[in-house]
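Report on the structure
The lines below spell out each chain.
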Amino acid sequence: MMDEDKIIQGVRLLLEGIGEDPAREGLIETPQRIARMYQEIFAGMTQNAGEPLAKTFHTQHTDMVLEKDIMFYSTCEHHLLPFYGKAHVAYIPNGKVAGLSKLARTVEIFARRLQLQERMTAQIADAVMQHLEPSGVMVMVEAEHMCMTMRGIKKPGSKTVTYAARGVFQQDDSLQNRFFQMMNRMNI
């Protein structure tokens, strides 16, 4: 659980640390606003990814299911700055499928934590493998990191791409190729 009072105290200290006056008119309520915002943007810290994936449907379908362009916003744990982009999740059903919104909810749960993109990509793949028990999973995440855009090297528009393959996707290059072909063909 989040400690709202500590967040408020921390924001006040941060404002003082950068030379601002937390009692200034425009900043008086800023610590409380940030505490409320943190409740929202870090909600995934208290959520279990297994919950959305628990609702499944039996199927004979054994061809790839791909949910593409799942928008997300996350926060880099190194600089506490946002990174955002799209996640693409594919799996080969093994007797059951999840509702398509459940894949997006899984992405959202992991995105709403202090994160590293590489870890988030693996966590999504591992959650789908664990809870849907498919023959395989492939997850690709592409994101722009504000720590590279607004500070440091200052390269807006650059994207970081990560992927994780599990099960048959690790062993079968043709499945990985089909995943990438489907990604390119589905520009709707």
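Scroll up a little and you will see the structure.
Structural notes, computed from the coordinates. (Residues numbered from 1 in each chain as written. Predicted model: local features only at pLDDT ≥ 70, side-chain atom pairs only at ≥ 80, totals over all residues. Heavy atoms only, no water.)

Turning our attention to the packing of helix α1 (residues 4-17) against helix α2 (residues 30-41). At their nearest, the axes of α1 and α2 sit 8 Å apart, and the two run at 130° to each other. Viewed along their axes, α1 and α2 adopt a mutual orientation that is oblique. By crossing handedness, the relation of α1 to α2 is classed as right-handed. Every residue of α2 that contacts α1 at Glu4, Ile7, Ile8, Val11, Arg12 and Leu15 is listed here: Pro31, Gln32, Ile34, Ala35 and Tyr38. Residues belonging to the contact of α1 with α2 are distributed by class as follows: 8 nonpolar, 1 polar and 2 charged. (Axes fitted to C-alpha atoms, helices over the stretch in contact; angles between N-to-C directions. Helix = DSSP H or I, 4+ residues; strand = E, 2+ residues; numbered from the N terminus. Parallel < 35°, antiparallel > 145°, perpendicular 65-115°, else oblique. Left-handed = near helix turned anticlockwise from the far one by under 90°. Contact = heavy atoms within 4.5 Å. Nonpolar A, V, L, I, M, F, W, Y, C, P; charged D, E, K, R; others polar.)

Most of strand β6 (residues 136-145) sits inside the fold, with 9 of its 10 residues counted as buried. Where strand β3 (residues 82-92) lies against β6, 10 bridges are found, and the strand directions are antiparallel. Each bridged residue has a counterpart across the sheet, and for Tyr84 the counterpart in β6 is Glu144. Judged from the 8 bridges that link them, β6 and strand β7 (residues 160-167) form a sheet pairing that is antiparallel. The residue of β7 that forms the bridge with Ala143 is Thr160. (Buried < 20%, exposed > 50% of the residue type's maximum accessible area, 1.4 Å probe, protein only. Pairing = 2+ DSSP bridges.)

The probe, sized like a water molecule, is rolled over the atoms to show the empty space still left. Space inside the largest pocket adds up to approximately 470 Å³. Lining the largest pocket are 17 residues, and of these Tyr38, Ile41, Phe42, Thr75 and Leu80 lie nearest its centre. Counting only elements with at least two residues in the lining of the largest pocket, the list comes to α1 and α2. Looking at the lining of the largest pocket residue by residue, the class counts come to 14 nonpolar, 2 polar and 1 charged. Of the pockets and cavities examined, the second largest pocket occupies roughly 150 Å³. Lining the second largest pocket, in full, are Cys76, His78, His79, Phe83, Gln115, Leu116, Gln117, Glu118, His145, Cys147, Met148 and Thr160. Residues of the lining of the second largest pocket, tallied by class, amount to 5 nonpolar, 6 polar and 1 charged. (1 Å grid on protein atoms, 1.4 Å probe; cavity = no way out; pocket = protein on both sides within 12 Å on 5 of 7 lines; lining within 4 Å. Points joined across faces, edges and corners; volume = space filled by probe spheres on them.)

This part takes up the packing of helix α4 (residues 100-111) against helix α5 (residues 117-132). Running from amino to carboxyl end, α4 crosses α5 at an angle of 140°, the nearest separation of the two axes being 10 Å. Between α4 and α5, the angle falls in the class oblique. α4 and α5 meet at a crossing whose hand is right-handed. Here α4 contributes Leu103, Thr106, Val107, Phe110 and Ala111 to the contact with α5, which in turn contributes Met120, Gln123, Ile124, Ala127 and Val128.

Everything listed here is a matter of geometry and, on its own, says nothing about what the molecule does.
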